[in-house]
Amino acid sequence: MQEPPRPADEPDRLQALRQLLILDTPPEERFDRLTAFAAQEFDVPTALLSLIDDDRQWFKSRVGMGPCETPRSISFCGHAILQDDIMVVPDAHQDERFTGNPLVTGEPFIRFYAGAPLRLPDGHNVGTLCLLDSKPRTLDEIDLAILGSLRDLAVEELVRREPGTATP
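Anyway, here's the lowdown on the structure attached to this text. All figures in this text were calculated on a predicted structure; none of them were measured in a lab.

1. Some words on the side chain of Lys-60
Then, number 1: When you line up the elements, Lys-60 lands in strand S2 (residues 56-63).
Then, number 2: Polar side-chain contacts of Lys-60 include one of 2.6 Å to the side chain of Thr-25.
Then, number 3: Within the local environment of Lys-60, its side chain forms a polar contact with the side chain of Glu-28, the two groups lying 2.9 Å apart.
Then, number 4: Residue contacts for Lys-60: discarding those within four places in its chain leaves Ile-22, Thr-25, Pro-26, Pro-27, Glu-28, Phe-31, Asp-32, Leu-49 and Leu-51.

2. Looking at the environment of Leu-14
Then, number 1: Relative to the elements of secondary structure, Leu-14 occurs in helix H1 (residues 10-19).
Then, number 2: Sequence-wise, Leu-14 and Gly-66 are 52 residues apart; in three dimensions their C-alpha atoms are separated by 25 Å.
Then, number 3: Contacts of Leu-14, omitting those with residues within four sequence positions, involve Ile-52, Asp-53 and Asp-54.

3. Thoughts on H1
Then, number 1: Among all positions of H1, only Glu-10, Arg-13, Leu-14, Ala-16 and Leu-17 are buried. Angular distribution of buried residues about the axis of H1 spans 160°; they occupy a single face of the element.
Then, number 2: Each element contacted by the buried residues of H1 is listed here: strand S1 (46-52) and strand S6 (125-133).
Then, number 3: After H1 finishes, the residue Leu-21 shows a positive phi value of roughly 55°.

4. Some points on the packing of aromatic side chains
Then, number 1: Tallied over the entire structure, the rule returns two aromatic pairs.
Then, number 2: Look at Phe-76 and Phe-98: their rings are 3.9 Å apart centre to centre, the planes differ by 5°, and that puts the pair in the stacked class. One end of the pair, Phe-76, is in the loop between strand S3 (69-71) and helix H3 (77-80); the other, Phe-98, is in the loop between strand S4 (87-89) and helix H4 (102-105), and 22 residues separate them in sequence.
Then, number 3: With a relative accessible area of 0%, Phe-98 lands in the buried category.
Then, number 4: Look at Phe-76 and Tyr-113: their rings are 5.2 Å apart centre to centre, the planes differ by 35°, and that puts the pair in the tilted class.

Parameters and conventions
Residues numbered from 1 in each chain as written. Predicted model: local features only at pLDDT ≥ 70, side-chain atom pairs only at ≥ 80, totals over all residues. Heavy atoms only, no water. Helix = DSSP H or I, 4+ residues; strand = E, 2+ residues; numbered from the N terminus. Polar contact = N/O pair within 3.5 Å; in protein donor to acceptor, adjacent residues only side chain to side chain. Contact = heavy atoms within 4.5 Å. Buried < 20%, exposed > 50% of the residue type's maximum accessible area, 1.4 Å probe, protein only. Arc of directions from axis to C-beta. Phe/Tyr/Trp six-rings, centres within 6.5 Å; stacked < 30°, edge-to-face > 60°.

Spelled out as structure tokens, the structure:
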């Protein structure tokens, strides 16, 4: 297993994440609809809107996952935010970054992962919209396009201010 490296812009990335004022907030229907649709569309047991904080990945929305956060050190999403393209791991047992990872060897027994980085307008990747399955799989070009579009909707919602909320 490889712990995800930190992006070169980590202090600025964390500041951008915290300026969203969304960490540790209650569930919201606007995000829950996206993760529920993603789980159904891709026929996966788990879909998450994951935000990568300093030492944890926190789930703003989750379908099929009990905990509301996991350590960043074992997160797949910590690896995914290092790139701009969707990161697909067809079989975590065959990927040296994840062999031995407790999320692979124990609950939720991740085999397949696809994470679309949530890139804010300022260029910082603050998390992912991701899909998990306990069996190996792949995504075709149409699947990648759909996941990318859902990710874009999630980013729009992240940066959209609800009426009556303060701008950071």
